[in-house]
Amino acid sequence: MTTDGPAPRRQAPRIWRGGEIDADPFHLPQYAAIPAAELVQRAFGFIRYATVYADAVTVNDSSPILGVFEWSEKIAAYSGVALRVVARDRHNVEKTLLVELTHATNAKRNIVVHASHDGLDAPARWRSWGRVLRLPLLVEDREGMLHPAERKLGALHVGEPQPHAGANPLSARRPLSFGQSGQPRSWGERLVVGARPPAY
């Protein structure tokens, strides 16, 4: 059985050594300074300065040793907005939640738009970025694989079961003076003897 959406991809474990980031998707363009995650890039002092627009991103990968590398991508080149849980140290004790624009073919062009140590705002930011940029929501499992957050059946979203109350559009139109049997309620009898009429 096949499913729509990007195929899951295994991601190498990473450690987030930067601070918190909170770019606001509702006030584009948004600017974020993202520290390097890989050891070699950190050794050269790389910092990624990214500006996210509604239809594209422009990035300066800046190093005091190697200089500045500029590049840009269309938003269409990104497969989704991923919610990741990463460690803050080698002991894997403290965690950070990341919201990241995930490139379809080149993981080195992923853009972190939110980083939170307590994780309180991460889910809301994750959904907001997906809605504003019209990108699928992705979640990372314990193996480092990305999966679509929403299940689909063809072009239809498969949601959670909903309560049945109010499902009948005629239920609200039934006169209050009638019970389930369609007979008038015996209000007088109920008031006099305090009993519940059979049609109630």
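In what follows, the structure referred to is the one given above.
Residues numbered from 1 in each chain as written. Predicted model: local features only at pLDDT ≥ 70, side-chain atom pairs only at ≥ 80, totals over all residues. Heavy atoms only, no water.

Draft legend 1. Local environment of helix H2 (residues 122-133). The end-to-end C-alpha distance of H2, which contains twelve residues, comes to 16 Å, matching closely the 16 Å that a straight helix rising 1.5 Å per residue would cover. Those residues of H2 that sit buried are Ala 122, Arg 125, Trp 126, Ser 128, Trp 129, Gly 130 and Leu 133. (Helix = DSSP H or I, 4+ residues; strand = E, 2+ residues; numbered from the N terminus. Expected span 1.5 Å × (residues − 1). Buried < 20%, exposed > 50% of the residue type's maximum accessible area, 1.4 Å probe, protein only.)

Draft legend 2. Structural context of the environment of Val 52. Inspection of the secondary structure assignment puts Val 52 in strand E3 (residues 47-52). On the basis of relative accessible area, Val 52 is assigned to the buried category, the value being 3%. When the C-alpha positions of Val 52 and Ala 23 are compared, they lie 9.1 Å apart, and in sequence the two are 29 residues distant. Once residues lying within four places of it in the same chain are set aside, the contact partners of Val 52 are Leu 28, Pro 29, Gln 30, Val 57, Leu 101, Ile 111, Val 113, Trp 129 and Leu 133. (Contact = heavy atoms within 4.5 Å.)

Draft legend 3. A look at the sheet that holds strand E5 (residues 67-74). The four strands lie next to each other as E2-E3-E4-E5, forming an open sheet whose pairing is antiparallel. Pairing within the sheet leaves two strands with one partner each, and these edge strands are strand E2 (30-35) and E5. Neighbour-to-neighbour, the strand axes of the sheet open up by a mean angle of 15 degrees, direction not taken into account. Strand direction decides the pairing type here: E2 and E3, joined by six bridges, are antiparallel. Note that in E3 the partner of Gln 30 across the bridge is Val 52. (Pairing = 2+ DSSP bridges. Axes fitted to C-alpha atoms, helices over the stretch in contact; angles between N-to-C directions.)

Bear in mind that shape data such as this cannot, by itself, settle questions of function.
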